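Listed here are the chains, written in short residue letters.
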Amino acid sequence: MNDAIALLAISQLVCLAALGYLYAQLNALRRDAKSRRTRIGQPAHHDRSVPAPRRPGPAHDDGALASRLSQAGVDVPTLARRMNRSEEEVRLLLRRRGIAS
């Protein structure tokens, strides 16, 4: 009986240690995601001073979009290369985030 109790206690300690490890890994992933968002110029998710992104409207003229992005200081081709995405994907992401309307 004492052996069974000892094994149960050990297994519970192992499970608690595994949960602690997973919790630490989850926090590390969240920290990395947060630092990536702030590195590309997007505000961190808890920053309330920036208005919420607007939904994309109807199809936009690429020339008008390019001028608005250049006024905002965003270089789409460079950003697309850094993100390993196409320029169209980056423009769509920017529209979704409210950087380009």
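So, a few notes on the structure that sits alongside this text. (Residues numbered from 1 in each chain as written. Predicted model: local features only at pLDDT ≥ 70, side-chain atom pairs only at ≥ 80, totals over all residues. Heavy atoms only, no water.)

### Topic: the packing of helix α3 (residues 76-83) against helix α4 (residues 87-97)
Put simply, α3 and α4 touch, their axes get as near as 9 Å, and they point 100 degrees apart. Taken together, the axes of α3 and α4 are roughly perpendicular relative to one another. Here α3 contributes V76, P77, L79, A80 and M83 to the contact with α4, which in turn contributes E87, V90, R91, L93 and L94. Looking at side-chain class alone, the contact of α3 with α4 contains eight nonpolar, no polar and two charged residues. (Axes fitted to C-alpha atoms, helices over the stretch in contact; angles between N-to-C directions. Helix = DSSP H or I, 4+ residues; strand = E, 2+ residues; numbered from the N terminus. Parallel < 35°, antiparallel > 145°, perpendicular 65-115°, else oblique. Contact = heavy atoms within 4.5 Å. Nonpolar A, V, L, I, M, F, W, Y, C, P; charged D, E, K, R; others polar.)

### With respect to α3
For α3, every residue scored as buried is listed here: V76, L79 and A80. Projected down its long axis, α3 carries its buried residues within an arc of 100 degrees, all on one side. Opposite the buried face of α3, at more than 90 degrees from it, the exposed residues are R81 and R82. Remark: N84 follows α3 within two positions and exhibits a positive phi of approximately 55 degrees. (Buried < 20%, exposed > 50% of the residue type's maximum accessible area, 1.4 Å probe, protein only. Arc of directions from axis to C-beta.)

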